[in-house]
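Structure at a glance
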Amino acid sequence: MLRHALPTELFKAIPQIADIVQLRPHDAETTLDFLWRLRASTTPEEAVTFTSFAVLPQIAIWWGYECLRLLPEQIEPRDRPFLENIAAWTTGPTQDRRFLLMREALFAPFRSPSVMLALAVGWSGGPVAPNDPMPAPLYRAPRSINAAVLSCLARADLSRRSVLLARFIGLAETLCRV
């Protein structure tokens, strides 16, 4: 489920992660140990960012989807079709579904967490559009997943944010253990 066995390998393969995660992994540090260290830091939100990059895109999108579902009051009616299509893509990731989500997200008149997650689906691998053979850069989907999860968290009541962040990271720990 992880892109790389060690966080140091991830930071080498996708150097853009260093632009948004301040802590750096130690040489022999495992993914789970680094995640715990991020969680215990003064900026535990970086654990969300790290997870967005560390986990394979399809699984990271599913994780982002589950994080958004923890805040049903933040999901507006206009976002429900995006979430339904994201859920369908995670269980049956076809190119047609991916292209549809990308097109709808690009032309959405708003940028909600659900739209950001739909963009991540579009950038998760392969060409961005049927007539564009170039794949998206590796950092595009993780940045969009990160934006989706953290912007959804930011919309939550301040008194609930630390609990929700702990739940998000708890889900991430499960992925890093597998």
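Here is a short report on the structure shown in this document. Keep in mind that this is a model prediction, so the values were computed, not measured.

1. Overview of the packing of helix α7 (residues 113–122) against helix α8 (residues 140–155)
Running from N to C, α7 and α8 cross one another at 165°; their axes reach a closest spacing of 8 Å. Relative to α8, the element α7 lies roughly antiparallel. By crossing handedness, the relation of α7 to α8 is classed as left-handed. Together, Pro113, Met116, Leu117, Leu119 and Ala120 of α7 and Ala141, Ser144, Ile145, Ala147, Ala148, Ser151, Cys152 and Arg155 of α8 make up the contact between the two elements. Class assignment of the residues belonging to the contact of α7 with α8 gives a composition of 10 nonpolar, 2 polar and 1 charged.

2. A few points about helix α5 (residues 80–91)
Relative to the 16 Å expected for 12 residues at 1.5 Å per residue, α5 spans 17 Å between its end C-alpha atoms, a close match to the ideal helical length. Taken as a whole, α5 has its buried residues at Phe82, Leu83, Ile86, Ala87, Trp89 and Thr90. Seen end-on, α5 carries its buried residues on one side only, within an arc spanning 160°. Among the exposed residues of α5, those pointing more than 90 degrees away from its buried face are Glu84 and Thr91.

3. What to know about the side chain of serine 52
Topologically, serine 52 is positioned in helix α3 (residues 45–54). Side-chain polar atoms of serine 52 contact the backbone oxygen of valine 48, separated by 3.0 Å. One polar contact links the side chain of serine 52 to the main-chain amide nitrogen of asparagine 146, over a distance of 3.4 Å. The contact partners of serine 52, leaving out residues within four places of it in the chain, are Ala60, Trp63, Pro142, Ile145 and Asn146.

4. Quick word on empty space enclosed by the protein
Here the structure, examined in full by the defined rule, presents 1 cavity of 30 Å³ or more. The space that makes up the largest cavity amounts to roughly 30 Å³. Around the largest cavity, the lining residues are Arg3, His4, Leu6, Pro7, Leu10, Thr31, Phe50 and Ala54. Of all elements in the fold, only α1 (7–13) and α3 reach the threshold of two or more residues within the lining of the largest cavity. Of the residues that constitute the lining of the largest cavity, the class distribution is 5 nonpolar, 2 polar and 1 charged.

5. A look at the nonpolar core
Counting residues in each nonpolar core, the largest one holds 57 residues, and the members touching the most others are Phe50 and Ile86. Among all residues touching isoleucine 86, those that are not within four sequence positions of it are Ile61, Tyr65, Leu101, Ser114, Leu117, Ala118 and Val121.

6. As for the environment of proline 7
Looking at where proline 7 falls in the secondary structure, it is placed in helix α1. With 21 residues separating them along the chain, proline 7 and alanine 28 place their C-alpha atoms 8.8 Å apart. Those residues within four positions of proline 7 in sequence are excluded, and the remaining contacts are Pro25, Glu29, Thr30, Thr31, Phe34 and Phe50.

7. What about the side chain of serine 114?
With respect to the element layout, serine 114 can be found in helix α7. Residues within four places of serine 114 in sequence aside, it is in contact with Leu68, Asp79, Phe82, Leu83 and Ile86.

8. Let's talk about the pattern of salt bridges
The full count for this structure, using the stated rule, is 6 salt bridges. Of the charged contacts, one joins aspartate 19 and arginine 143 as a salt bridge, the two residues approaching to 3.5 Å between their closest N and O atoms. Separated by 124 residues along the polypeptide, aspartate 19 in the loop between α1 and α2 (31–39) and arginine 143 in helix α8 bring together distant segments of the chain. Classification of aspartate 19 as exposed rests on a relative accessible area of 59%. Overall, the relative accessible area of 32% leaves arginine 143 in the partly exposed class.

Calculation rules
Residues numbered from 1 in each chain as written. Predicted model: local features only at pLDDT ≥ 70, side-chain atom pairs only at ≥ 80, totals over all residues. Heavy atoms only, no water. Axes fitted to C-alpha atoms, helices over the stretch in contact; angles between N-to-C directions. Helix = DSSP H or I, 4+ residues; strand = E, 2+ residues; numbered from the N terminus. Parallel < 35°, antiparallel > 145°, perpendicular 65-115°, else oblique. Left-handed = near helix turned anticlockwise from the far one by under 90°. Contact = heavy atoms within 4.5 Å. Nonpolar A, V, L, I, M, F, W, Y, C, P; charged D, E, K, R; others polar. Expected span 1.5 Å × (residues − 1). Buried < 20%, exposed > 50% of the residue type's maximum accessible area, 1.4 Å probe, protein only. Arc of directions from axis to C-beta. Polar contact = N/O pair within 3.5 Å; in protein donor to acceptor, adjacent residues only side chain to side chain. 1 Å grid on protein atoms, 1.4 Å probe; cavity = no way out; pocket = protein on both sides within 12 Å on 5 of 7 lines; lining within 4 Å. Points joined across faces, edges and corners; volume = space filled by probe spheres on them. Core = buried A, V, L, I, M, F, W, Y, C linked by side-chain atoms within 4.5 Å. Salt bridge = Lys/Arg side-chain N within 4 Å of Asp/Glu carboxyl O.

Remember, this is a structural readout, not a statement about activity or role.
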